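Here is how the chains run, residue by residue.
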Amino acid sequence: MSQPQVLTAEAVCPYQPGVDERKSAAAAAASDARAKKLSNGGVRVESFALTRKILRSGGTRQAGFMAELVNKATAKGSQPVLFQEGDVHQKQRIATARFFAPRVVTSRYRDLMNSLGDRLMEKLKTQGKADLSDLSLDMAVAVAAEIIGLTDGSLVGMSKRLNSFFTGGLKHKMTRFERMTNFISSQYNLLGFFWLDVKPAIRARRKAPKEDVISHLISQGYSDTEILTECMTYGAAGMVTTREFIVMCAWHLLERDALKAEFVATDEAGRIAILEEILRLEPVVGALYRRAAKDLSFEDNGETIHIPAGTLIDMDIRAANSDPIAAGECPFQLKPERDTKALLGSMSFGDGNHRCPGAAVALQESAIFLEKLLKIPGLHAVKPPNLGWNTLTVGYELRDAIIAVG
Ligand code: HEM
């Protein structure tokens, strides 16, 4: 359901109406994955205000990230937090909120982010050249692993395993043989993830619980398989997203000397404001899906919108973030000086009961990593990343982002 918009992006950008600085816009427009998902019916929502109302309404179920398929397979057990609803979900969020509390993020994880960042920058300086998407994966995996409690195996090995089952968009059309080998290798990696990463962590925490998600799940009586599913959810939600976001930010910043200089010179709050504007422009998760659990109606733009029970709702986060009512002037342009109230309107971390609990973690670790990176004398891009499309996150995948020092 595209809402009749009072303002168009063109109308609110009178002097540069055609300028679109979104690097992911063409790939988003070219992908037919969303149209396919809606081919059996459903509504599409593009307005910022209506997206927020739906996500806050509570009358829906998760229908993105293959939730409906996974729910069928795990109907009897505990579902991952992303797929839960109602009281069970609320209890889980309250119980895990302590791992994401602002005090914990700024104190407990800061040292880890700093030392990891330093180590990765040393690696880059020693090699002279690196693929930024490898460095950002190492950073994102290590930070999320600490929160989840996946700290009893090899981080390098885990990065490789996670990369292999979450990277999926660079090759759109695979032959049957490629699909089959892909399936076999992802099953192999899933087993590896369970036996080499998840199981050792469970074993260690059964003996001595720690302050992390796996210890919490054990205390709730989760089985090993349920813990594996939750770790996969955190892997996708926390590691993959942050990895892509860091590369996208570096891509924009390395092309803009003035903005790069401002980013390095300002304080962490200033750096995070710039990153939030990049995330508004280039959401890592491009669409959120819900299924109406009952008949719903909303007031929007002077209209009453009725959504019957059972309807699939496709909320276009890219469109919501560029809705002139929320973003203001020239929504397709990178303008960190944009009114900060408008920035708070970004839907890139979702909204309502499922809003991303890791938002502060992701922004802080990206700010720390990018500050260290952009301060390296002589750092430059050798080659811009290849941009592929991931149909699960409805977002970009950036690979082969070659950077060099000197
Ligand atoms: C730039 C990085 C990130 C982006 C863009 C992002 C985006 C999102 C979005 C859009 C949702 C909501 C999904 C929905 O409503 O259907 C979400 C949920 C979630 N995110 Fe993030 N995320 C990021 C980083 C992280 C990190 C670092 C963690 C943890 C280490 C994390 C953990 C989660 C979890 C557990 C959920 C599920 C929450 C729930 O369903 O109640 N995310 N994320």
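In case you missed it, the structure is sitting above this.
Residues numbered from 1 in each chain as written. Predicted model: local features only at pLDDT ≥ 70, side-chain atom pairs only at ≥ 80, totals over all residues. Heavy atoms only, no water.

(A) Spotlight on the packing of aromatic side chains. Taken as a whole and judged by the stated rule, the model has one aromatic pair. Geometrically, the ring pair formed by Phe194 and Trp195 is edge-to-face, given 5.1 Å between the ring centres and 75° between the ring planes. Phe194 gets classed as buried once you look at its relative accessible area, which sits at 14%. Directly above the ring of Phe332 sits Arg22, whose terminal nitrogen or CZ lies 3.8 Å from the centroid. (Phe/Tyr/Trp six-rings, centres within 6.5 Å; stacked < 30°, edge-to-face > 60°. Buried < 20%, exposed > 50% of the residue type's maximum accessible area, 1.4 Å probe, protein only. Lys NZ or Arg CZ within 6 Å of the ring centre and 35° of its normal.)

(B) Seen up close, the site of the ligand. The environment of the ligand is made up of 26 residues, and the closest members are His89, Arg93, Arg290, His354 and Cys356. Between an oxygen atom of the ligand and a side-chain N or O atom of His89, the distance comes to 2.7 Å. Separating an oxygen atom of the ligand from a side-chain N or O atom of Arg93 is a distance of 2.7 Å. At the level of secondary structure, the elements contributing two or more residues to the shell around the ligand comprise α5 (86-96), α12 (224-254) and β4 (287-292). Considering each element in turn, the shell around the ligand owes the most residues, six residues, to α12. For the shell around the ligand, a count of residues per class yields 14 nonpolar, 10 polar and two charged. (Near = heavy atom within 4 Å. Polar contact = N/O pair within 3.5 Å; in protein donor to acceptor, adjacent residues only side chain to side chain. Helix = DSSP H or I, 4+ residues; strand = E, 2+ residues; numbered from the N terminus. Nonpolar A, V, L, I, M, F, W, Y, C, P; charged D, E, K, R; others polar.)

(C) Up close: the pairing of strand β6 (residues 303-307). Strand direction decides the pairing type here: strand β5 (residues 296-300) and β6, joined by five bridges, are antiparallel. Bridging across to β6, Ser297 finds its partner in His306. Hairpin geometry of β5 and β6 is characterised by an intervening segment of two residues between the two adjacent antiparallel strands and by a positive phi of about 55° at Asn301. (Pairing = 2+ DSSP bridges.)

(D) Geometry of a nonpolar patch on the surface. A surface patch of nonpolar side chains, amounting to about 470 Å² of accessible area, comprises Phe177, Met180, Phe183 and Ile184. Relative to the assigned elements, Met180 resides in helix α10 (residues 176-207). (Patch = residues over 30% accessible without salt bridge, like charges linked within 9 Å, V, L, I, M, F, W, Y side chains within 5 Å. Areas by Shrake-Rupley, 256 points an atom, 1.4 Å probe, with all protein chains shown as cover. Salt bridge = Lys/Arg side-chain N within 4 Å of Asp/Glu carboxyl O.)

(E) Highlighting the packing of helix α9 (residues 155-166) against α12. Two elements in contact, α9 and α12, have axes separated by 11 Å at closest approach and are oriented at 90°. One way to sum up the angle between α9 and α12 is to call them roughly perpendicular. Only Met232, Gly235, Ala236, Met239, Val240 and Arg243 of α12 make contact with α9, whose side of the interface consists of Leu162, Asn163, Phe165 and Phe166. (Axes fitted to C-alpha atoms, helices over the stretch in contact; angles between N-to-C directions. Parallel < 35°, antiparallel > 145°, perpendicular 65-115°, else oblique. Contact = heavy atoms within 4.5 Å.)

(F) Spotlight on the pattern of salt bridges. Here the structure, examined in full by the defined rule, presents 23 salt bridges. The salt bridge partner of Glu268 is Arg110, with a shortest N-O separation of 3.0 Å. Here Glu268, found in helix α14 (residues 268-281), pairs with Arg110, found in helix α7 (residues 108-127); they are 158 residues apart in sequence, far enough to count as distant. Among the residues examined, Arg110 registers a relative accessible area of 23% and is labelled partly exposed. Taken together, the shared-partner salt bridges connect Arg34, Arg44, Asp314 and Asp316 into one network.

On their own, these measurements won't tell you what the molecule is for.
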